[in-house]
Every structure is written in C-alpha cells, then in structure tokens.
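# Survey of secondary and tertiary structure
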Amino acid sequence: MTSKIWGGRFSEGPAAIMEAINVSVDFDQRLAKQDVRGSRAHCAMLVATGIISEADGLAIQEGLTRIEKDVALGAFNFKRALEDVHMNIESKLAELIGAPAGRLHTARSRNDQVATDFRMWVRAAIETLDEELAKVQSALIDKAEAFADAIMPGFTHLQAAQPVTLGHHLLAYVEMFGRDRGRLTDARVRLNECPLGAGAIAGTSFPIDRHMTAEKLGFDRPMANSMDAVSDRDFALEFLSAAAILATHMSRLAEEMVFWSSAQFSFIRFTDAFSTGSSMMPQKRNPDAAELVRGKTGRVFGNLFGLLTVMKGLPLTYSKDMQEDKEAAFAAFDTLELCLAATAGLVADMKPDREKMHKAAAVGFITATDFADWLVQKLNIPFREAHHITGRVVKLAEGSGCDIGQLSLADMQQAEPRITDDVFNILTVEASAASRTSFGGTAPDQVRKQVVSARERFLKRSA
C-alpha cells in the first residue's frame, strides 16, 4: 500500500511488520469522541481567525457531525491501514465532504492533537472514577451506620490489639477512598491545560487563538510551552499513580473480606451473588470477587510501572515510544471501573455476624490497654510503670488460662496492691469500645457522628 495520508515523500509502502508494530487504531479508537470534539473546536477557531473560510468551516462541521453520530452508534468503520484514530477520522471526513477536509489540519499536528485528545479522555475517566468511588463510600457508610456498635477485635500485626466496632473499621476505608478522590481531583486540575495549537514541536506561524480552543474544550488555559505540550505525559503518570494507590486500598479491603469470610473468622458471610463453590469440595464458599479485586491490583501497578519505564529516557520532544501511553491508561481505567463496582457490591452484600465478632474480641487480653489506662487515671501511676504492671497481670492471666477480667482482685493485687474492684468495670469489650470517645475514636456514639460527617464531606459533593 503506497497511499498513506502522510505520503508524498514515501514511494513504497511499509513492510508488513512495520505496519503491525506501528498501527494504533486498535486501541486509540477509544479517543474518537475526543478527537471529533477537538476537531470541532479547532475548525471553529480557524474560521474565527480567518485562517479558513466560513464555507469550508461549515462543510467540515457538517462532516464531523455525521462522523460523531457514527462513532456514538458504534457504526464507524475503523481501518487498520489508516494507522490511528486521527487518520481514520480525517480520511472519512475527506470521503464525506471532499477538498474542504484537507484544511482542517491547518496549524495542527498529530502531536498536539493526540495530547489534547488524551487529556480530555483522562479527564473524563477521572470524573467517572470519582462517581464510582462515591458509590463505594456510600455503601461503606451505610454498613458502618448499621453496625456502629458491633464489637470486633482491632488488629495490629494481625494480632488482637483493642476492641473496635465494625462501623469504625469500615469508616477507615471511607477516609482512604476520600483521599483517592482527592488525588484524582488534584490530577484533573493539573492536566486541565490544552496542548492544541502547539503544533509538532514549535508552535505555528498561523494567527491561531489557543485561548479560544482551550475554552471550547473545557480547559482552564492553553499550555504555556509548545515543547512541553507535545512531549510530556505526566498527567497520565499522575492518573496511573492515583489509580495504583486506589487499587491498593481496594486490595486491602478485599483482603480483609477474604479472611473475615473464612471459617476460621466467620465475621461476615457473602450471598451466592458474590461467592462461588468448589468443583471438588462441596462445603466451600469462596470469596472469588474479593480475591479478584485483590489480584487485579497487580495489573494497575504494571500499567504505572510500564509507562514510567517508557517515559524515563525520552528526550524532548515527541517520540513514537509515547504511543505506548494510552493502553496503560485505558487498561487501568477498565480494571478500576470493574473493581469499584465489585467492591461496592461486596460491601452491600456482606452479612456481618455480631456474635462471632464479639466472641473473637474477647480473645487475646484485648482490654490490657484499658487496664493500663485505669492505673494511670485512678491511681496516678505514670504510664510506663502502668504498662509494666499490666504486663505482669497479663502474665498472671496467661498462666491461669483466663482473660484479665476473669482474674480475682487478689491476683491483680499481686502486681499492684492499690488496685480496687472498680477495675472490673472497664474490662469488658463493650466498656473498652465505649470509652474511646476521642475525636475519630471507635466509641459507637463517635462512629455515628463520623457517619454523619462522612456523608456531609464525601457524598454531598458528588450529588
């Protein structure tokens, strides 16, 4: 094939292997909507500045309208021979309106064109992910409200540490996902500058109005440097960085769901909608959805590391290596969108078992910190000394095969003679959780306040 649109200088077609490695339309056709929108804005600017005639501008806009409809309907025929989404649309425009189509690319390069399209796509992807994250937060907040007083063990080092409530535990993820939304929002602010009009590298001699195209496309301003505009992909890297952190948070929640739903914990149960059976073991109920959310995190990490590796050695300005940018962003978005939907479904579907959680919270001397705090508050003992006394009491309980609260007062007084039977009032898991009334603490009343605050901070802004 010898009739490439960028031909003229080239008399022979590329080798088959060159065409195979060079073609990008298989994946960059996802930018078709953005490409048409960018072309519309560019055409309007060319007419407004007198660079092309109103008649040619009208013909171009009418042709783009027809293409836009085909793209929306999934009826546009993308041809691999035309290399990328930009050439496919330009070729179709020429087929529809003839000679005026050739004027559309005036004062524009595929370099600034693709950078503009890609920024618009990432911007839309961020908006979609923000909406999906709000749904996950909503599911978590609803569940936290319903189980604001459900006692469970809180862990450090995966060892029983202190009693907490399930509501408090779930709200921790609401905060994490809130910061994920913040990172995505920040990334959107930084990417919202328009490369269009930067040309291939150095700008253009035509009297274009870059502020006009930036405004029409919803950007805050045109990019200030033409070389930076076409050569950098930090907006995609920032998007993928935020995506990787978000995936990490989903993976941590999924991991907890996996062991919470195991027979050894039995803290929660999933319905058949979010669990599967075993082909060999009839008793099994596997949390496959949670495991897959956890597993797919690796894909998102790979997308980030892949693009970092592509970009790390590139000199200014554009190099064909940068064609590798879009698949990473597309894949990360697809993975996150699916995993967010699965996570929201998992949270809504899980059925916590209050009794099992409460029973587990009574294991592992989990009120030891409460005992130490009592010594400080009631006997005015310095905390470090109280810590040592509590350690001796725990050792006594361990030797007796019982919990601290099951020791006799006489046993406790071996460690500290001034201990009174008032100490037993604080050694239940309910009393422990209820005492944590500091801002952000696990006391049920605090959790209910946090629920109200979380709805205000995270869900009203997305309504």
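Now for a quick tour of the structure. (Residues numbered from 1 in each chain as written. Predicted model: local features only at pLDDT ≥ 70, side-chain atom pairs only at ≥ 80, totals over all residues. Heavy atoms only, no water.)

## Some remarks on the nonpolar core
One broad rule of soluble globular proteins: the nonpolar side chains tend to lie buried together. To be explicit about the condition: Only buried Ala, Val, Leu, Ile, Met, Phe, Trp, Tyr and Cys residues count toward a nonpolar core, and they belong to the same one when joined by side-chain atoms within 4.5 Å. Only protein chains enter the calculation, and the probe is 1.4 Å; a residue is then buried if its accessible area is under 20% of its type maximum, exposed if over 50%, and partly exposed in between. Strands are runs of DSSP state E lasting at least two residues, helices are runs of H or I lasting at least four, and both sets are numbered from the N terminus onward. Any two residues whose heavy atoms approach within 4.5 Å at even a single point are treated as in contact.
Counting 97 residues, the largest nonpolar core has W121, L140, F177, F239 and M257 as its most contacted members. Broken down by element, this core gets its largest block of residues, 17 residues, from helix α10 (residues 234–260). Setting aside its immediate chain neighbours within four residues, L140 contacts L170, Y173, V174, F177, L253 and V347. Membership of the second largest hydrophobic core comes to 20 residues, among which are A372, A386, V394 and L427.

## Some remarks on the packing of helix α3 (residues 32–48) against helix α4 (residues 54–73)
Filter applied, for reference: Throughout, an axis means a line fitted to C-alpha atoms (over the contacting stretch in the case of helices), and angles, computed between N-to-C directions, take values from 0 to 180 degrees. Working definition: roughly parallel below 35 degrees, roughly antiparallel above 145 degrees, roughly perpendicular at 65 to 115 degrees, and oblique for all remaining angles.
Interaxial distance between α3 and α4 falls to 10 Å at its minimum, and their mutual angle equals 170°. For the element pair α3 / α4, the angle class is roughly antiparallel. Contacts between α3 and α4 involve A32, K33, V36, S39, R40, C43, A44 and V47 from the first element and E54, G57, I60, Q61, L64, T65, I67, E68 and V71 from the second.

## Some points on the pairing of strand β1 (residues 151–156)
Inclusion rule: Pairing between strands is defined by DSSP: at least two bridges between the two strands are required.
Where β1 meets strand β2 (residues 159–165), 6 bridges bridge the pair, whose relative direction is antiparallel. Bridging across to β2, M152 finds its partner in V164. What sits between β1 and β2 in their antiparallel hairpin is a turn of 2 residues, with H157 showing a positive phi close to 60°.

## Remarks on the packing of aromatic side chains
For clarity, the threshold we go by: Here the aromatic set is Phe, Tyr and Trp, taking the six-membered ring for Trp, and pairing holds for ring centres within 6.5 Å; pairs whose planes are under 30 degrees apart are stacked, those over 60 apart are edge-to-face, and all others are tilted. Working rule: Lys NZ or Arg CZ, within 6 Å of ring centre, within 35 degrees of ring normal, means a charge sits over the ring.
This structure, assessed with the given rule, holds 10 aromatic pairs. Ring geometry for F155 and F265: centres 6.3 Å apart, planes at 70°, overall edge-to-face. With F155 in strand β1 and F265 in the loop between α10 and β5 (268–269), this residue pair connects regions lying 110 residues apart in the sequence. Summarising the aromatic geometry, the rings of F259 and F265 are spaced 4.9 Å apart at their centres and angled 45° between planes, so their arrangement reads as tilted. Joined through ring pairs, the aromatic side chains of F118, W121, F235, F330 and F333 make up one cluster. The ring of F219 has R123 lying over it, and the distance from NZ or CZ to the ring centre is 4.6 Å.

## A short note on the pattern of salt bridges
Quick note on the threshold: A carboxyl oxygen of Asp or Glu within 4 Å of a side-chain nitrogen of Lys or Arg is what we treat as a salt bridge.
In the structure shown here, the tally under the stated rule is 27 salt bridges. A salt bridge links E95 to K92, with the shortest nitrogen-to-oxygen separation between them at 3.1 Å. Separated by 3 residues within a single helix, E95 and K92 lie in helix α5 (residues 85–97), roughly one turn from each other. Relative accessible area serves as the criterion here: at 24%, K92 is assigned to the partly exposed category. A salt bridge links E127 to R188; its shortest N-O distance comes to 2.8 Å. Within this pair, whereas E127 is found in helix α6 (residues 110–146), its partner R188 is found in helix α7 (residues 166–191), the two being separated by 61 residues in sequence. When salt bridges with common partners are traced through the structure, they connect E83, D84, R110 and K320 into a single cluster.

## Some thoughts on the environment of R179
The residue R179 is located in helix α7 in this model. Residue R179 is classed as partly exposed on the basis of its relative accessible area, which comes to 45%. The spacing of R179 and P382 is 203 residues in sequence and 37 Å in space, taken between C-alpha atoms.

## A closer look at unusual backbone geometry
In this structure, the amide linkage connecting L316 to the following residue, T317, adopts the cis form with an omega of 10°. Assignment of secondary structure puts T317 in the loop between α11 (288–311) and α12 (325–349). Within the chain, A107 stands out as a residue other than glycine whose phi angle is a positive 60°.

## Thoughts on a nonpolar patch on the surface
Condition: A patch consists of residues whose relative accessible area exceeds 30% and which take part in no salt bridge; residues with like charges are grouped when within 9 Å of each other, and nonpolar side chains (Val, Leu, Ile, Met, Phe, Trp, Tyr) when within 5 Å. Note on areas: these come from Shrake-Rupley sampling with a 1.4 Å probe, and a residue is covered only by the protein chains present in the view.
Together, I17, M18 and I21 make up a nonpolar patch on the protein surface, roughly 350 Å² of accessible area in all. Structurally, I21 can be placed in helix α1 (residues 16–22).

## Some details on the packing of α7 against helix α18 (residues 444–459)
Note the threshold: By convention, the crossing between two helices is left-handed when the near helix turns anticlockwise from the far helix through less than a right angle, and right-handed when the turn is clockwise. Residue classes follow a fixed rule: Ala, Val, Leu, Ile, Met, Phe, Trp, Tyr, Cys and Pro count as nonpolar, while Asp, Glu, Lys and Arg count as charged, and any other residue, Gly among them, counts as polar.
Taken N-terminus to C-terminus, the directions of α7 and α18 make an angle of 20°; their axes are 11 Å apart at the nearest point. The angle between α7 and α18 falls in the class roughly parallel. Of the two elements, α7 crosses α18, and the hand of that crossing is left-handed. Of the residues in α18, those in contact with G167, H168, L171, V174, E175, G178 and R181 of α7 are V447, Q450, V451, A454, R457 and F458. Looking at the contact of α7 with α18 residue by residue, the classes come out as 6 nonpolar, 4 polar and 3 charged.

## Regarding the environment of E238
Here E238 lies in helix α10. Sequence separation between E238 and D186 is 52 residues; the distance between their C-alpha atoms is 9.3 Å. Those residues within four positions of E238 in sequence are excluded, and the remaining contacts are D186, A187 and R190.

## Some details on the state of the cysteines
Threshold: When two cysteine sulfur atoms lie within 2.5 Å, the pair is treated as a disulfide.
Scanning the entire structure with this criterion turns up 0 disulfides. With no disulfide of its own, C194 lies 15 Å from the sulfur of C43, the closest cysteine sulfur. When its relative accessible area of 0% is taken as the criterion, C194 is described as buried.

## A closer look at α10
The criterion, for reference: One less than the number of residues in a helix, times 1.5 Å, gives the span that helix is expected to have.
Taking 1.5 Å per residue, 27 residues should reach 39 Å; α10 reaches 39 Å between its end C-alpha atoms and fits that length. Burial of α10 is extensive: 20 of the 27 residues sit out of reach of the surface.

## Topic: the side chain of R233
Stated precisely, the cut-off is as follows: Each polar contact in these results corresponds to two N or O atoms within 3.5 Å; when the atoms are within protein, one needs to be able to donate a hydrogen and the other to accept it, and residues that are neighboring in sequence are counted only if both atoms are side-chain atoms.
Take R233: it is sitting in the loop between α9 (226–231) and α10. In terms of polar contacts, R233 uses its side chain to reach the side chain of D325, at 2.6 Å. Setting aside chain neighbours within four positions, we find R233 in contact with V114, A115, F118, M311, Y318, M322 and D325.

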